[in-house]
Amino acid sequence: MAKLIIRGGNRLEGVMRICGAKNSVLPILAASLLVSEKSVLQNCPALSDVRLASEILRRLGCTVEREEDRITIDPAHADGTVIPEKLMSEMRSSIIFLGAMAARNGRAVLSAPGGCDLGPRPIDLHLAALRKMGAEIVEEGGIVDCRVNGRLHGAEIRFPFVSVGATENVLIAAAAADGATRILNAACEPEICDLAQFLIRCGARITGAGTSRIIVEGVRKLHGCEHRVIPDRIAAATYLLAASVTGGDITLSDVEPQQLSAVLPRLQETGCELSVGSRRIRVRAKGRPKALSPLVTAPYPGFPTDAQAPFMALCCIADGTTAFEETIFRNRFRHAAELNRMGAEIGVTGQSAVVKGVPFLHGARVSATDLRGGAALVLAALSAEGETEISQVHHIDRGYESMECALSSLGASAVRTETWQIKEENRIIRTAFAM
Ligand code: UD1
């Protein structure tokens, strides 16, 4: 198993390009199943989740080819109806294939999805919505068996609370259903708009994406298209924070600053200087970060839950105390205990956390608890005195393209080491001491 070894204290400087958004490309890959011709997606990040989604498409009969950041999907022979349990268990967003499979082949057999352990992650909203659109769904022994007699039909879907994934599943299914679907209390995330844009390019009739009320007029046939995935706003936030915690000065290119409207003011509040241009953001850290006023996560355009852990890493070394409230997921502070191993002072009570800033963190052996929690550990390690060894790096690889290479290009001391290398190094050190 790989580990990241990070020696803290290097100031980050330079320019960095932000890759395409993981949370956009995954539902778009699922949606490509509905299309009758080839789709070409540009700006696809090289992430393990994207490889998994491509593998699911292949298992369903698609031809999927990747060339640099372009993925071409040909679904001409996609008559598969089963996603193997192993693939489902590795990625939460595999549930996003349900709507597309039901709409395309009238049958979908899959198991409960895996992904980050952020507390219970039910799929009841996905299932209830598809049932309302005419799907018959049986859940037994962890298997979801979904059948559609003929075609799905349009319906009024009113979500009791906002769900990004359920909104995406319904949007995809409704695009090819009979009649109109109204999605009420829909998620408004930029990734929903990107998915809608892809579907519209393929001939879907969708209005209101980006608002809480989306109307979809189902069409009989969707054609292929070429689509460029939007930039990853969470990766952008993470790297801006990496500059801040190291007293650095970096410029991000290929970003959409307006999609970071809840994040950038928070960075300024910590004392950073920001210059925002069209598709560029420069951050210049000014001394020790200041603590933040209470930070409460909320659906878009609120403060993103995915940026909560990276911000917590910064608050660990801020001057003052910051209160966090996580309103989306029940168990999204698992990184706090790992940060405390590095000298942080974080107290967690249920879905609230209080972070008392300390002047500096120290290196330690820590473990990535989930994707964004892992990113938080990387940020903490960059700012810490000494060396940090981060295990369970596969979580981080789900959402960041070779994070150690990206950070090294900005001046960080970050390398990836396979376990056998660490063992080998320890053996050499032990041997040297024995001599
Ligand atoms: C997506 C993002 C994830 C982000 C999250 C919230 C992707 C691949 N992942 O996850 O990075 O953190 O949005 O912005 O895009 N819920 C139910 N029943 C359901 C569905 C959801 O109770 O059927 C609950 C969840 O447990 C959670 C809340 O609703 O408490 C929001 O989850 P949701 O917006 O669906 O998150 P994901 O789509 O899984």
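Small disclaimer: the values here were computed from a predicted structure and weren't measured.

Asks: Tell me what's going on with the overall build of the chain, and back it up with residues and numbers.
Replies: If you tally the helices and strands in the chain, you get 15 helices and 23 strands. At 22 Å, the chain has a C-alpha radius of gyration in line with the 22 Å of a compact globule built from 435 residues. Judged by the C-alpha coordinates and their principal axes, the chain covers about 70 × 50 × 40 Å. For the chain, the accessible surface area stands at approximately 17,200 Å², while carbon and sulfur atoms represent 50% of it.

Asks: Any details on the pairing of strand 14 (residues 249–253)? Residues and values, ideally.
Replies: Of all five residues in strand 14, five are buried, a share of seventy percent or more. Side chains of strand 14 alternate between two faces, with Asp249, Thr251 and Ser253 and Ile250 and Leu252 buried alike. When strand 2 (residues 13–17) meets strand 14, the two strands line up parallel, connected through five bridges. Pairing of valine 15 across the sheet is with threonine 251, part of strand 14. Where strand 14 lies against strand 16 (residues 280–284), five bridges are found, and the strand directions are antiparallel. Paired with threonine 251 across the bridge in strand 16 is arginine 282.

Asks: So what about the site of the ligand? Which residues, and what values?
Replies: The ligand sits among 20 residues. The nearest are Asp124, Ser163, Val164, Asp306 and Ile328. Within the side chain of asparagine 23, one N or O atom sits 3.1 Å away from an oxygen atom of the ligand. Taking 750 Å² as the accessible area of the ligand by itself, protein coverage stands at 87%. Broken down by secondary-structure element, the contributors of at least two residues to the shell around the ligand are helix 5 (124–132) and helix 6 (164–175). Here the shell around the ligand is built from residues that sort into nine nonpolar, six polar and five charged.

Asks: Provide a residue-level description of the sheet that holds strand 12 (residues 213–217), including the pertinent values.
Replies: Pairing is mixed in the open sheet, where four strands are placed in the order 9-10-12-11. Sheet topology places strand 9 (156–158) and strand 11 (205–207) at the edges, where each strand pairs with a single neighbour. Across this sheet, the average inter-strand angle for adjacent strands is 15°, counted without regard to direction.

Asks: Report on the sheet that holds strand 20 (residues 352–356), specifying residues and quantitative values.
Replies: Where strands meet in a sheet, backbone hydrogen bonds hold them as pairs that are either parallel or antiparallel. What the four strands build is an open sheet, ordered 17-18-20-19; its pairing is mixed. Each having just a single partner strand, strand 17 (295–296) and strand 19 (345–349) make up the two edges of the open sheet. As paired elements, strand 18 (residues 321–325) and strand 20 share five bridges and run antiparallel to each other. Considered in strand 20, the bridge of alanine 323 is made with valine 354.

Asks: Let's hear about the environment of leucine 52: which residues, and what values?
Replies: With respect to the secondary-structure elements, leucine 52 resides in helix 2 (residues 48–59). Note: C-alpha distance between leucine 52 and arginine 398 (346 residues apart in sequence) is 9.7 Å. In contact with leucine 52, not counting residues within four places along its chain, are Leu87, Glu90 and Met91.

Asks: Please give an account of the nonpolar core that cites residues and values.
Replies: Counting residues in hydrophobic clusters, the biggest one holds 77 residues, and the most contacted among them are Phe97, Met133, Leu171 and Leu199. Ranked by size, the runner-up nonpolar core spans 72 residues in total, among them Ala336, Val355, Val393 and Tyr400.

Asks: Account for the side chain of serine 163, naming residues and giving values.
Replies: Within the element layout of this structure, serine 163 appears in the loop between strand 9 and helix 6. By relative accessible area, serine 163 is classed as buried at 14%. A polar side-chain atom of serine 163 sits 3.0 Å from the main-chain amide nitrogen of alanine 166.

Asks: An account of helix 7 (residues 190–201) is requested, with residue identities and associated values reported.
Replies: Think of an α-helix as 3.6 residues a turn; residues three or four steps apart then line up on the same face. For helix 7, built from 12 residues, the straight-helix expectation of 16 Å at 1.5 Å per residue is met to within 8% by its first-to-last C-alpha distance of 16 Å. Taken together, the buried positions of helix 7 are Pro190, Glu191, Ile192, Asp194, Leu195, Ala196, Phe198 and Leu199. Looking one or two places after helix 7, you find glycine 203, whose phi comes out positive at around 110°.

Asks: Please give an account of the environment of leucine 130 that cites residues and values.
Replies: Structurally, the position occupied by leucine 130 is in helix 5. Residues leucine 130 and alanine 46 lie 84 residues apart in sequence; the distance between their C-alpha atoms is 31 Å. In contact with leucine 130, other than residues within four places in its own chain, are Leu98, Gly99, Ala135, Ile137, Leu152 and Ala173.

Asks: I'd love a proper account of the side chain of serine 391, names of residues and values included.
Replies: Among the structural elements, serine 391 can be located in strand 22 (residues 387–391). Those residues in contact with serine 391 that sit more than four places away from it in its chain are Ala2, Lys3, Val366, Ser367 and Ala368.

Scoring rules and cut-offs
- Residues numbered from 1 in each chain as written.
- Predicted model: local features only at pLDDT ≥ 70, side-chain atom pairs only at ≥ 80, totals over all residues.
- Heavy atoms only, no water.
- Helix = DSSP H or I, 4+ residues; strand = E, 2+ residues; numbered from the N terminus.
- Rg over C-alpha atoms; globule rule 2.2 N^0.38 Å.
- Areas by Shrake-Rupley, 256 points an atom, 1.4 Å probe, with all protein chains shown as cover.
- Buried < 20%, exposed > 50% of the residue type's maximum accessible area, 1.4 Å probe, protein only.
- Pairing = 2+ DSSP bridges.
- Near = heavy atom within 4 Å.
- Polar contact = N/O pair within 3.5 Å; in protein donor to acceptor, adjacent residues only side chain to side chain.
- Nonpolar A, V, L, I, M, F, W, Y, C, P; charged D, E, K, R; others polar.
- Axes fitted to C-alpha atoms, helices over the stretch in contact; angles between N-to-C directions.
- Contact = heavy atoms within 4.5 Å.
- Core = buried A, V, L, I, M, F, W, Y, C linked by side-chain atoms within 4.5 Å.
- Expected span 1.5 Å × (residues − 1).

So, to be careful, I would describe these as geometric facts and stop short of saying anything about function.
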